Amino acid sequence: MATAYLLAMTAVIPVTGWLVDRHGQRAAWIGALALFGAGSALCATAWSVESLVAFRVLTGLGGGMVLPLTMTILVRAAGPGRTGRALALVSVPGQLAPVLGPVLGGLVLDSLGWRWVFLATLPLTAAALALAVRGIPRDEQREGERLDLVGLALLSPGLAVLLYGLSVLGGGPHGPLLAAAGALLLAGFAVHALRHRPGGPPPVIDLRLLAEGPFRIGALLMFVFGLCVWGGMFLLPLFYQQVTGADALAAGVLVAPMGAGVAVAVLFAGPAADRTGPRVLVVGGLALAALATVPLGFATADASGALLGASLFVRGLGLGTASVPMLAAAYRGIVPDRVPRATSALNVMQRIGAAAGTAGLAFVLATALAGADRPAPAFQAAFWWMAALTAVAVVPAMFLPAAPPRDTARSPGKAVR
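Residues numbered from 1 in each chain as written. Predicted model: local features only at pLDDT ≥ 70, side-chain atom pairs only at ≥ 80, totals over all residues. Heavy atoms only, no water.

Run through the nonpolar core, naming residues and quoting values.
Phe-215 and Tyr-331 are the most contacted members of the largest nonpolar core, which totals 94 residues. Tallying contributions element by element places helix H10 (residues 213–242) first for this core, with 14 residues. Beyond its immediate chain neighbours, meaning those up to four positions away, Tyr-331 contacts Met-71, Val-75, Thr-83, Leu-87, Val-339, Ala-342, Thr-343 and Leu-346. In this structure, Ala-46, Leu-52, Phe-55 and Phe-118 belong to the second largest nonpolar core, which totals 6 residues. (Core = buried A, V, L, I, M, F, W, Y, C linked by side-chain atoms within 4.5 Å. Buried < 20%, exposed > 50% of the residue type's maximum accessible area, 1.4 Å probe, protein only. Helix = DSSP H or I, 4+ residues; strand = E, 2+ residues; numbered from the N terminus. Contact = heavy atoms within 4.5 Å.)

Written out as structure tokens, the structure is:
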């Protein structure tokens, strides 16, 4: 069920940019929320596992568009000189949700039952829809904007198959085969997109954006960032459960300091990204995150909980300091009309990095566990890999711009009409 939801969320990302171009960001946002709400309501009425999976796919299609659309709306409204502040607004709830979600979900599940996990989202969705209708201005639509059906047929299935293949990489021979098939579909899309000719529908993701230096480096860093963050989110709960003996709910709470560190850091990193160049913030943040991961490489069953919590909090501070400036740098030089498809590309890179990081660290962990009589050394080896991957990300970050952005396009806060 969770796999179907996540794959649907990923598969819908490429079409999000086209929806904004064709129907406008207001209509796309309202449609995504309505689809998510309808899927959640149907999930609450599910009568079988099969129906629940089907309705979760519907929910994923709506939910998968929410983050790219949020980023698109904020970045276009803020302008180049305020992009960091705008993206910080997205990052804080995005970091708190993985921490608070399992805790609140567990409480709802234990006290009210599983159907209320879905029903509880409906008032929030209704409130978001009401605010969208009143607060988001109507924007320009391109009535003649055609959908790149060939590109969509290559990219969306390619992403879904690749991510599913990576998620089952250690479960038999079909994992590598699926990952290879997904990679071939993505390669086919790359060829198709780069051979685009005037007069045809624009590619669902414009690979020509990679010709822009800051965007190219930002996209690479989004891949590495997804790899580091989600690989860590995979390892840490398992460590607390298998090494220290914590249950699932307690493990989620013990990982919370990292999310708290990220949330605190982005509140300062967003405005700082608009005042200074992204290079120093991203390099410093990634270096801090790598150093803070080192204590995990020595963690055992009787490790100090306070020390591990402090290490995770500092790692979160580093990741939060790096995340907003690297994302803001990717939008530098991107004109407002190209923001929707740029956002889709960045989200695709982050999802692929997250899947690759999870699969890679799962392979390292499984290999180490196979030859160990205790789980702690295996997790230590995986944490050292996590620290190394975070440190390696410093290299591309060195090529980010050193100077602050210049808002030459329009006055801050003026929405694009």
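Requested: an account of the confidence of the model for the protein, with residues and values cited.
The predicted coordinates should not be examined in detail at positions where pLDDT is low. Chain-level pLDDT for the protein is 84 on average; 92% of the residues reach the 70-or-more range. Mean pLDDT across the secondary structure elements of the protein bottoms out at helix H5 (residues 83–112), with 73, and peaks at helix H12 (residues 278–293), with 94. The low-confidence segment residues 408–417 (pLDDT under 50) makes 24 contacts with residues lying over four places distant or belonging to another chain. (pLDDT = per-residue confidence, 0-100.)

Would you mind going over the side chain of Ser-344 in detail, with residue names and values included?
Looking at the element boundaries, Ser-344 is found in helix H14 (residues 339–370). If we skip the residues at most four places from it in the chain, Ser-344 touches Ile-13, Pro-14, Thr-16, Gly-17 and Ile-205.

Can you explain a nonpolar patch on the surface? Please cite residues and give values.
On the surface, Val-264, Leu-267, Phe-268 and Phe-313 cluster together to form a nonpolar patch covering roughly 390 Å² of accessible area. Broken down by element, the nonpolar patch gets its largest block of residues, 3 residues, from helix H11 (residues 248–275). With respect to the helices and strands, Phe-313 occurs in helix H13 (residues 305–330). (Patch = residues over 30% accessible without salt bridge, like charges linked within 9 Å, V, L, I, M, F, W, Y side chains within 5 Å. Areas by Shrake-Rupley, 256 points an atom, 1.4 Å probe, with all protein chains shown as cover. Salt bridge = Lys/Arg side-chain N within 4 Å of Asp/Glu carboxyl O.)

Could you give me a rundown of helix H15 (residues 375–392), with the residues and numbers involved?
Here H15 spans 26 Å end to end across 18 residues, near enough to the 26 Å set by a 1.5 Å rise per residue. Every buried residue of H15 is listed here: Ala-376, Ala-378, Phe-379, Gln-380, Ala-382, Phe-383, Met-386, Ala-387 and Thr-390. Along its buried surface, H15 packs onto H10, H12, H13, H14 and helix H16 (394–397). (Expected span 1.5 Å × (residues − 1).)

An account of the environment of Gly-60 is requested, with residue identities and associated values reported.
Topologically, Gly-60 is positioned in helix H4 (residues 49–78). In the structure, Gly-60 is positioned 20 residues away from Ser-40 in sequence and 9.5 Å away in space, judged by C-alpha atoms. Not counting residues within four places of it along the chain, the set of residues in contact with Gly-60 comprises Tyr-5, Ala-8, Met-9 and Val-12.

Describe the packing of aromatic side chains, with residues and values.
Taken as a whole and judged by the stated rule, the model has 6 aromatic pairs. Between Phe-239 and Tyr-240, the ring centres sit 5.4 Å apart and the planes meet at 70 degrees, which makes this aromatic pair edge-to-face. Residue Phe-239 is classed as buried on the basis of its relative accessible area, which comes to 1%. Ring centres 5.6 Å apart and planes at 70 degrees place the aromatic pair Phe-239 and Phe-383 in the edge-to-face group. Residue Phe-239 is found in helix H10, and its partner Phe-383 is found in helix H15; the two are separated by 144 residues along the sequence. The pair formed by Phe-239 and Phe-383 is uniform in burial state, with each residue classed as buried. Aromatic ring contacts, followed pair by pair, group Phe-239, Tyr-240, Phe-379 and Phe-383 into a single cluster. (Phe/Tyr/Trp six-rings, centres within 6.5 Å; stacked < 30°, edge-to-face > 60°.)

Describe the pattern of salt bridges, listing the residues and the values that go with them.
The full count for this structure, using the stated rule, is 4 salt bridges. The partner of Asp-21 in a salt bridge is Arg-341, and the shortest N-O contact between them spans 2.8 Å. Here Asp-21, found in helix H2 (residues 13–23), pairs with Arg-341, found in helix H14; they are 320 residues apart in sequence, far enough to count as distant. You'll find Asp-21 and Arg-341 in the same group, each marked buried. Here Arg-208 ties to Asp-206 by a salt bridge, and the two come within 3.0 Å at their closest N and O atoms. The class of Arg-208 is partly exposed, set by a relative accessible area of 49%. Its relative accessible area of 11% is what places Asp-206 among the buried residues. Residues joined in a network through salt bridges with shared partners are Asp-206, Arg-208 and Arg-338.

Tell me what's going on with the environment of Ala-388, and back it up with residues and numbers.
Secondary-structure assignment places Ala-388 in helix H15. The exposure class of Ala-388 is partly exposed, given its relative accessible area of 37%. The spatial distance from the C-alpha of Ala-388 to the C-alpha of Val-294 is 9.4 Å, given a sequence separation of 94 residues.

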